[in-house]
Amino acid sequence: MKQLGERAPWSMSGGELLSTLDQLDVAIAQAETYRLQVIARLDVIGHAREIGAYDTAQLLEYRYRLDRSRARRDVQLARALPKYDAVASALPAVDVADEVVLRPAQAEAIVSALEKVPASVPVDDVVVAERELVTLARHLSPSELRRAGQRVRDLLDPDGPEPEEQKAYARESLVLSVADRGVKFRGYLANENAELLRSLIHAGARPHKTGDGELDPRSREKRQADALTAALTVAAGALDAGDSSEVPGFGAKANITVTIDLEDLKAAAADSLGDVVYGDSLSAATVRRLACDAKVLPLVLGSNSEPLDVGRSERLVTRAMRRALNARDRGCVICGAPPLNCDAHHLTSWIDGGETSVNNLALLCRRHHLATHTGEWTITLTNGVVQVSRPTWSDPPSRPRRHLPPPNLIPWATQPRATTPHHHPTYAAS
């Protein structure tokens, strides 16, 4: 592909900017299509296994720092494209297309829908549906194509569409992400689960008059957040009382662990902080207040009488050691999976003489625990800091950057970038 002009955006008019964006869109679609072709061939020859990766998806995930789900979808699309002539031919060819009829993201939406069509559906019907969806792609976004594909799939299914309720259950999800001083979440609940959530929030979010008879000053969004917090508090209380039957699916208490120095806790100074497992730090004063709650476990450095090192006398991690690991690693040291989903891994195997101590343990999710035991990852602990070495195939060779405008032509180059501390160790090249 020919290189686009490298004029600085600030030097262009609106028309020039839009024209350049049009060219970029074509170039990106061409590059992404060619990338899928390369991935397909790489998968066919099995090169990922030859160099030590489990499969092509894992190679993409590690080497190019992709989410696992994204890497798997890329491989699935690359494998499936040869079966769908109309989709494949509508994708832009390298150095040929002047306009884009179908983009890879749209192709993924169409193919993922057609791949779910039962094998009993006649091939000719599937071909007609494929062509219709490609035609619709000129006007529809990927999400709209997915909905259209679902309708087409339901029409093609001779046994009728899958019951809507069952499909809704399969789509249930909850995604948590780190936010400033808190957590953001998004997701989807189906049917009676959705109704249960609505009922709890509606009941708890009713406005209440203040003590002097004034209207509730809280916004509707704040009242709903308070209602959710109240529901979580009730659930955590049942777990803390040992009545896990009140909260199905939980076999252990849901506790908050805060790590703080004893002297800081005593002084409760404004600049004294306690570290929590999942989010930002808490002030010492807040820790002192929360410590009154049985669901908060202060892990006080310097005054904890529970042993953190049981040496060779024990093989299994004690509760105190597990709390210390949760506080130090805050999840899988490779991917960051929550502590609840992690195992305590012996850096030097217990069988080989390694001690069951915090200085010989690290948290790993089940997937990376297995990968570490097969030699894919190397984990060491130096002065209390976990170091992770990636497999050699997970890093592309370094290349000098080319075709970049001088720094003084990049408007944001001279602006300081905001950074946030990351609690997981930096990966080191092996």
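This is a predicted model, so every value here is computed, not measured.

Cut-off values and rules
What you see as residue numbers is a count from 1 along each chain, following the sequence as written. Given that this is a predicted model, residues contribute local features only at a pLDDT of at least 70 and side-chain atom pairs are listed and counted only at 80 or more, while totals for whole chains, interfaces and linings are drawn from all residues. The side-chain figures draw on all heavy atoms in the structure; neither hydrogens nor water molecules are used. Under the DSSP-based scheme used, a helix requires at least four consecutive residues in state H or I and a strand at least two consecutive residues in state E, with every element numbered from the N terminus. Exposed residues in this analysis have more than 50% of their type's maximum accessible area, buried residues have under 20%, and partly exposed residues fall in between, with area computed by a 1.4 Å probe over protein chains only. What makes two residues a contact is simply this: any of their non-hydrogen atoms within 4.5 Å. Pairing of aromatic side chains requires ring centres within 6.5 Å, counting the rings of Phe and Tyr and the six-membered ring of Trp. Pairs whose planes differ by under 30 degrees are stacked, by over 60 edge-to-face, and all others tilted. Confidence of the predictor in every single residue is expressed as pLDDT, which spans 0 to 100. In this analysis, strands are considered paired if DSSP registers two or more bridges between them.

Participant: I'd love a proper account of the environment of Leu42, names of residues and values included.
Facilitator: Mapped onto the elements, Leu42 comes out in helix 1 (residues 14-45). Overall, the relative accessible area of 22% leaves Leu42 in the partly exposed class. The spacing of Leu42 and Thr56 is 14 residues in sequence and 7.4 Å in space, taken between C-alpha atoms. Among all residues touching Leu42, those that are not within four sequence positions of it are His47, Thr56 and Leu59.

Participant: Describe the packing of aromatic side chains, and please don't skip the residues or the numbers.
Facilitator: Evaluated as defined, the whole model comprises 1 aromatic pair. Look at Tyr62 and Trp377: their rings are 5.0 Å apart centre to centre, the planes differ by 70°, and that puts the pair in the edge-to-face class. One end of the pair, Tyr62, is in helix 3 (residues 56-63); the other, Trp377, is in the loop between helix 15 (366-373) and strand 9 (378-382), with 315 residues separating them in the sequence. Across the pair, exposure class does not vary: Tyr62 and Trp377 are buried alike.

Participant: Describe the confidence of the model for the chain, naming the residues involved and giving the relevant values.
Facilitator: Of the residues in the chain, 68% reach a pLDDT of 70 or more, and the chain-wide mean stands at 75. Confidence over residues 303-313 falls short of pLDDT 50; this stretch has 24 contacts with residues more than four positions distant or in other chains.

Participant: So, the pairing of strand 10 (residues 385-390): which residues are in play, and what are the values?
Facilitator: Here strand 9 pairs with strand 10 via 5 bridges, running antiparallel. The partner of Thr382 across the bridge, within strand 10, is Val385. The turn joining strand 9 and strand 10, which pair antiparallel and follow one another in sequence, is formed by 2 residues; a positive phi near 50° is taken by Asn383.

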